[in-house]
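Structure at a glance
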Amino acid sequence: MKSCTTMQDVRQEIDRLDKQLVPLLLERLAYVAQAGTIKESRDTVIDEWRIEDVVKKVKFNVTSGHSESEYIEKLYRYLITLSIEHEFKIWDQHNKNLEKRL
Ligand SMILES: C=C(O[C@@H]1C=C(C(=O)O)C=C[C@H]1O)C(=O)O
């Protein structure tokens with residue numbers, strides 16, 4: 001990691017990372033959308049077991065302190081909440097289309 005001495009440096013690095021993060025987040029969301037077309041029951045869109053599994057795995061990759069681990073947990077819980085919102089929209093749309101075809 002680069003050590004910065006000016007705010008311009010800091011913001012340049014944050015902008016650089018955001019450029020990498022956004023496509024990755026969108027790729028993750030596209031997989032979540034696929035889950036919305038694979039799951040047969042609306043009741044399985046929220047899978048508490050899997051939520052805890054994801055949070056546990058991402059926290060395992062945090063080698064720095066407690067504060068950073070807490071940051072990742074909060075971020076992921078919020079990310080998953082947004083993912084679930086999106087998955088419900090996809091599930092509803094997909095299953096409305098399936099109904100129409102019957
Ligand atoms: C994608 C899934 O659906 C939801 C979204 C999750 C996620 O964003 O990682 C995790 C659990 C689910 O409630 C899944 O069940 O794996």
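For clarity, every value in this text was computed on a predicted model and none was experimentally measured.

Examining the overall build of the protein chain
What the protein chain contains, in helices and strands, is 3 helices and 0 strands. In terms of overall size, the protein chain is more extended than a compact globule, its C-alpha atoms giving a radius of gyration of 18 Å where 102 residues would be expected to give roughly 13 Å. Principal-axis analysis of the C-alpha atoms gives the protein chain an extent of 65 × 25 × 15 Å. Burial status across the protein chain gives 21% buried among its 102 residues. Excluding contacts between residues fewer than 6 apart, the proportion of contacts in the protein chain whose partners are at least 24 apart in sequence is 70%. With an accessible surface of roughly 8400 Å², the protein chain has 59% of that area assigned to carbon and sulfur atoms.

Thoughts on a nonpolar patch on the surface
Together, Leu17, Leu21 and Leu25 give the surface a local cluster of nonpolar side chains, amounting to about 250 Å² of exposed area. Turning to its location among the elements, Leu21 is positioned in helix 1 (residues 7–38).

Some words on the site of the ligand
The full set close to the ligand counts 14 residues, and Arg28, Lys39, Val45, Asp47 and Glu87 are the nearest of them. In the environment of the ligand, an oxygen atom lies 2.8 Å from a nitrogen or oxygen atom belonging to the backbone of Val45. When the ligand sits alone it has 370 Å² of accessible area, and the protein chains cover 88% of it. Secondary structure elements with two or more residues in the shell around the ligand: helix 1, helix 2 (48–60) and helix 3 (66–101). Per-element tally for the shell around the ligand: the top contributor is helix 3, with 4 residues. Tallied by class, residues from the shell around the ligand come to 8 nonpolar, 1 polar and 5 charged.

Points about the confidence of the model for the protein chain
In the predicted model, the protein chain carries a mean pLDDT of 96, and 100% of its residues have values of at least 70. At the level of individual helices and strands, the protein chain shows its lowest average pLDDT in helix 3, which scores 95, and its highest in helix 1, which scores 98.

Things to note about helix 1
Here helix 1 contains 32 residues, and its C-alpha end-to-end distance of 46 Å stays within 8% of the 46 Å for a straight helix at 1.5 Å per residue. Within helix 1, the full set of buried residues consists of Asp9, Glu13, Val32, Ala33 and Gly36. Residues of helix 1 that are buried make contact with helix 3.

Calculation notes
Throughout, residues of each chain are indexed from 1 in the direction in which the sequence is written. Thresholds applied to this predicted model are a pLDDT of at least 70 for local features of residues and 80 or more for the giving and counting of side-chain atom pairs; totals over whole chains, interfaces and linings are not thresholded and use all residues. Only hydrogens and water are set aside; all other atoms, that is, all heavy atoms of the structure, feed into the side-chain values. Working definition: helices are DSSP H or I runs of at least four residues, strands are E runs of at least two. Numbering for both runs from the N terminus. C-alpha atoms define the radius of gyration in this analysis, and the globule rule sets the expected value at 2.2 Å times the number of residues to the power 0.38. Note on exposure labels: buried denotes an accessible area under 20% of the residue type's maximum, exposed denotes more than 50%, and partly exposed covers the range between, all computed with a 1.4 Å probe on protein chains only. The contact definition used throughout considers only heavy atoms, calling two residues in contact when any of these lie within 4.5 Å. Each accessible area is a Shrake-Rupley estimate made with a 1.4 Å probe; only the visible protein chains count as cover when residues are assessed. Each patch is built from residues lacking any salt bridge and having more than 30% relative accessible area; the joining distance is 9 Å for like charges and 5 Å for nonpolar side chains (Val, Leu, Ile, Met, Phe, Trp, Tyr). By definition here, a salt bridge exists when the distance from a side-chain nitrogen of Lys or Arg to a carboxyl oxygen of Asp or Glu is within 4 Å. The cutoff for a nearby residue is simple: one of its non-hydrogen atoms must lie within 4 Å of the molecule or strand. Whenever a nitrogen or oxygen atom comes within 3.5 Å of another N or O atom, the pair is scored as a polar contact, on the condition that within protein one atom can donate a hydrogen and the other can accept it, and that pairs from neighbouring residues in sequence are kept only if both atoms are in side chains. Asp, Glu, Lys and Arg are counted as charged, while Ala, Val, Leu, Ile, Met, Phe, Trp, Tyr, Cys and Pro are counted as nonpolar; the rest, among them Gly, fall into the polar class. By definition, pLDDT measures how confident the predictor is in each residue, and it falls between 0 and 100. How far a helix is expected to stretch is found by multiplying one less than its residue total by 1.5 Å.

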